[in-house]
Amino acid sequence: MTKWFLIATAIAVAGCSTTSAPEAKNVTLHEQMATLGKGCTQLGPVSTEVSLWSMPTIDAGHDQARDNLRADAYRRYQADAVVVENMNTQVTKIMARGVAYKCAG
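Quick caveat: nothing in here was measured; it's all calculated off a predicted structure.

Parameters and conventions
Residues numbered from 1 in each chain as written. Predicted model: local features only at pLDDT ≥ 70, side-chain atom pairs only at ≥ 80, totals over all residues. Heavy atoms only, no water. Helix = DSSP H or I, 4+ residues; strand = E, 2+ residues; numbered from the N terminus. Buried < 20%, exposed > 50% of the residue type's maximum accessible area, 1.4 Å probe, protein only. Contact = heavy atoms within 4.5 Å. Areas by Shrake-Rupley, 256 points an atom, 1.4 Å probe, with all protein chains shown as cover. Salt bridge = Lys/Arg side-chain N within 4 Å of Asp/Glu carboxyl O.

A. Fine view of the overall build of the protein chain. Regarding its fold elements, the protein chain presents 2 helices and 4 strands. Listing every helix and strand of the protein chain by position from the N terminus yields α-β-β-α-β-β. In the protein chain, which comprises 105 residues, the proportion classed as buried is 32%. Taking the intrachain contacts of the protein chain between residues at least 6 apart in sequence as the baseline, contacts between residues at least 24 apart amount to 69%. By element, 56% of the accessible surface of the protein chain is carried by carbon and sulfur atoms, the whole surface being about 6700 Å².

B. Region of the structure containing the environment of Tyr101. Examined against the element boundaries, Tyr101 turns out to sit in strand 4 (residues 93-102). Along the backbone, Tyr101 and Gln78 are 23 residues apart, and their C-alpha atoms lie at a distance of 8.9 Å.

C. Representation of unusual backbone geometry in the model. The backbone of Gln78 shows a phi angle near 55 degrees, a positive value even though the residue is not glycine. The topology assignment puts Gln78 in the loop between helix 2 (58-77) and strand 3 (81-89). The class of Gln78 is partly exposed, set by a relative accessible area of 42%.

D. Structural view of the pattern of salt bridges. Across all of its chains, the model carries 7 salt bridges by this definition. Notably, a salt bridge pairs Glu49 with Lys93, separated by 3.8 Å at the nearest N-O pair. Of this pair, Glu49 sits in strand 2 (residues 41-51) while Lys93 sits in strand 4; the two residues are 44 residues apart in sequence, bridging distant segments of the chain. The residue Asp72 makes a salt bridge to Arg76 at a minimum N-O spacing of 3.6 Å.

Now the structure itself:
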């Protein structure tokens, strides 16, 4: 019984993590506007929702939410920066919102 539970849990965790374009890893994440710098153009909103049921820890859920914001910013706008506006941790999920920016030439 325990063996099947562990297998099902491993499948659930692997199935819920997102894979993003390698370029999304180059999207800089900022926790506040002050660190963004000058000369950046606002592109649009990004958001994500991460189920904590599929995460081993809350910190892992926060990391996944940040990665998802980067991926969404790159996929939708080819952005190179994201400012996180809100990260809300609830009992079963993390909801995150941000704004995508283009800062490099």
